[in-house]
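# Structure assessment
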Protein chains: 2
Amino acid sequence: MKDLIGGPGTVSGLLLRIGQSVFAAASIVAMVTSVGFYRYTAFCFLIASMGLQVLWSFGLACLDIYALRKKRDLQNPVLVSLFVVGDWVTATLSLAASCASAGMVVLFVQDIGYCKRGYIHSCRGLQISVGLGFITWSLIAMSSHVMFWMLASV
Amino acid sequence: MKDLIGGPGTVSGLLLRIGQSVFAAASIVAMVTSVGFYRYTAFCFLIASMGLQVLWSFGLACLDIYALRKKRDLQNPVLVSLFVVGDWVTATLSLAASCASAGMVVLFVQDIGYCKRGYIHSCRGLQISVGLGFITWSLIAMSSHVMFWMLASV
């Protein structure tokens with residue numbers, strides 16, 4: 001199995017996982033502190049998918065730390081297959097939730113002008129949360145592609 | 001390069017491309033026939049991304065027909081790299097546009113009840129269009145994974 005930047009059990013892989021966890025957690029915090037987010041399904045979906053992302057990425061970060069400290073090799077086909085499936089599912093959910101929320105934010109800010117008219121008070125928080133969601137997705141997309149490449153190149 | 005189901009220049013690949021073009025075109029038709037869709041950015045984005053999908057998939061379907069009739073081999077690394085990039089971009093855009101539109105439809109149908117109250121008259125058309133967008137995405141995701149696997153397994 002080729003040794004790639006961002007692969008499991010490498011320092012770059014660990015940094016990617018930590019980045020995903022931190023940005024996903026920040027996205028949840030920004031959303032939860034926005035007033036009245038719970039009235040809208042897409043924003044709740046963003047919190048749920050970012051929560052799943054934190055669990056998955058933090059779990060794999062711990063596994064990476066264990067592998068780096070004990071010098072264990074995580075790059076076997078069975079484990080990488082598991083990482084591929086998990087990364088693909090979480091990446092797709094992160095993109096889906098970020099896009100659904102982005103569609104709503106554009107609606108509120110631009111299309112029907114709820115933000116300008118003051119119907120929604122925490123538009124800035126919603127925008128930041130969606131932005132952090134997209135950053136999380138870009139990091140998990142990187143991990144996902146590295147894992148898929150490793151599995152395919154066995 | 002491994003010969004895979006759904007690869008370029010194969011009958012299954014051609015069927016996938018035709019499916020993508022047909023569902024993307026149907027999604028555009030369902031959206032365009034919905035009253036007042038142009039007021040909402042996410043619905044316009046869905047039309048734009050489905051339009052790009054039709055162009056890309058129809059172009060590759062024509063290339064597949066040419067390759068099948070002339071018995072040409074399209075499975076070389078340079079061409080497949082091009083297909084990987086194009087498929088990935090169009091798949092990501094299709095998912096993003098479908099999710100943004102789905103978030104809006106859920107908002108109208110459930111969260112703020114615009115459909116029930118009759119503020120929007122063509123909710124059924126919007127729902128069908130978004131559904132067809134998701135079917136298109138699932139087909140382009142299949143093509144995208146097959147291409148990526150072929151490129152990685154060179």
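I will try to describe carefully the structure that is included in this document. (Residues numbered from 1 in each chain as written. Chains lettered and ligands numbered in written order. Predicted model: local features only at pLDDT ≥ 70, side-chain atom pairs only at ≥ 80, totals over all residues. Heavy atoms only, no water.)

### Structural notes on the packing of helix α2 (residues 41-70) of chain B against helix α3 (residues 77-111) of chain B
Residue and element names in this part refer to chain B. Where α2 contacts α3, the axes come no closer than 9 Å and their chain directions differ by 150 degrees. Between α2 and α3, the interaxial angle falls into the category roughly antiparallel. Handedness of the α2/α3 crossing: left-handed. Considering only residue class, the contact of α2 with α3 consists of 19 nonpolar, seven polar and one charged. (Axes fitted to C-alpha atoms, helices over the stretch in contact; angles between N-to-C directions. Helix = DSSP H or I, 4+ residues; strand = E, 2+ residues; numbered from the N terminus. Parallel < 35°, antiparallel > 145°, perpendicular 65-115°, else oblique. Left-handed = near helix turned anticlockwise from the far one by under 90°. Nonpolar A, V, L, I, M, F, W, Y, C, P; charged D, E, K, R; others polar.)

### Some words on the side chain of Ser153(A)
Along the chain, Ser153(A) falls in the segment after α4 (123-152). Among the polar contacts listed, one links the side chain of Ser153(A) to the backbone oxygen of Met150(A), at a separation of 3.2 Å. (Polar contact = N/O pair within 3.5 Å; in protein donor to acceptor, adjacent residues only side chain to side chain.)

### Concerning the pattern of salt bridges
Residue and element names in this part refer to chain A. Evaluated as defined, the whole model comprises two salt bridges over all chains. Here arginine 17 and aspartate 87 are joined by a salt bridge, their closest N and O atoms 3.0 Å apart. One end of the pair, arginine 17, is in helix α1 (residues 11-32); the other, aspartate 87, is in helix α3 (residues 77-111), with 70 residues separating them in the sequence. Taken as a pair, arginine 17 and aspartate 87 share a single burial class, namely buried. (Salt bridge = Lys/Arg side-chain N within 4 Å of Asp/Glu carboxyl O. Buried < 20%, exposed > 50% of the residue type's maximum accessible area, 1.4 Å probe, protein only.)

### Some details on a nonpolar patch on the surface
All names here are of chain B. Taken together, the side chains of Val11, Leu15, Ile18, Val22 and Leu68 make up a nonpolar region of the molecular surface, amounting to roughly 430 Å² of accessible area. Among the elements that line the nonpolar patch, the one with the most residues is helix α1 (residues 11-32), at four residues. Within the secondary structure layout, valine 22 lies in helix α1. (Patch = residues over 30% accessible without salt bridge, like charges linked within 9 Å, V, L, I, M, F, W, Y side chains within 5 Å. Areas by Shrake-Rupley, 256 points an atom, 1.4 Å probe, with all protein chains shown as cover.)

### Things to note about the nonpolar core
Formed by 47 residues in total, the largest nonpolar core has its most connected members in Phe43(A), Phe108(A), Phe43(B) and Phe108(B). When contributions to this core are tallied by element, the ones reaching two or more residues are α1, α2 (41-70), α3 and α4 of chain A together with α1, α2, α3 and α4 (123-152) of chain B. For Phe108(B), the contacting residues outside a window of four places in its chain are Leu107(A), Tyr40(B), Phe43(B), Gly113(B), Tyr114(B), Cys115(B) and Ile120(B). (Core = buried A, V, L, I, M, F, W, Y, C linked by side-chain atoms within 4.5 Å. Contact = heavy atoms within 4.5 Å.)

### Looking at the interface of chain B and chain A
Every contact between the two is made by 25 residues of chain B and, on the other side, 25 residues of chain A. Between chain B and chain A, roughly 2,200 Å² of surface is buried when both sides are summed, and carbon and sulfur atoms account for 77% of that area. When the buried area of chain B at its contact with chain A is split by residue, Phe148(B), Trp149(B) and Ala152(B) rank highest and sum to 23% of it. Where chain B touches chain A, the interface holds five residue pairs in polar contact (both at pLDDT 80 or more). If you list the elements that add at least two residues to the side of chain B that touches chain A, you get α3 and α4 of chain B. Considering each element in turn, the side of chain B that touches chain A owes the most residues, 13 residues, to α3(B). Partitioned by chemical class, the residues of the side of chain B that touches chain A number 17 nonpolar, six polar and two charged. (Buried area = accessible area lost by both parts, 1.4 Å probe.)

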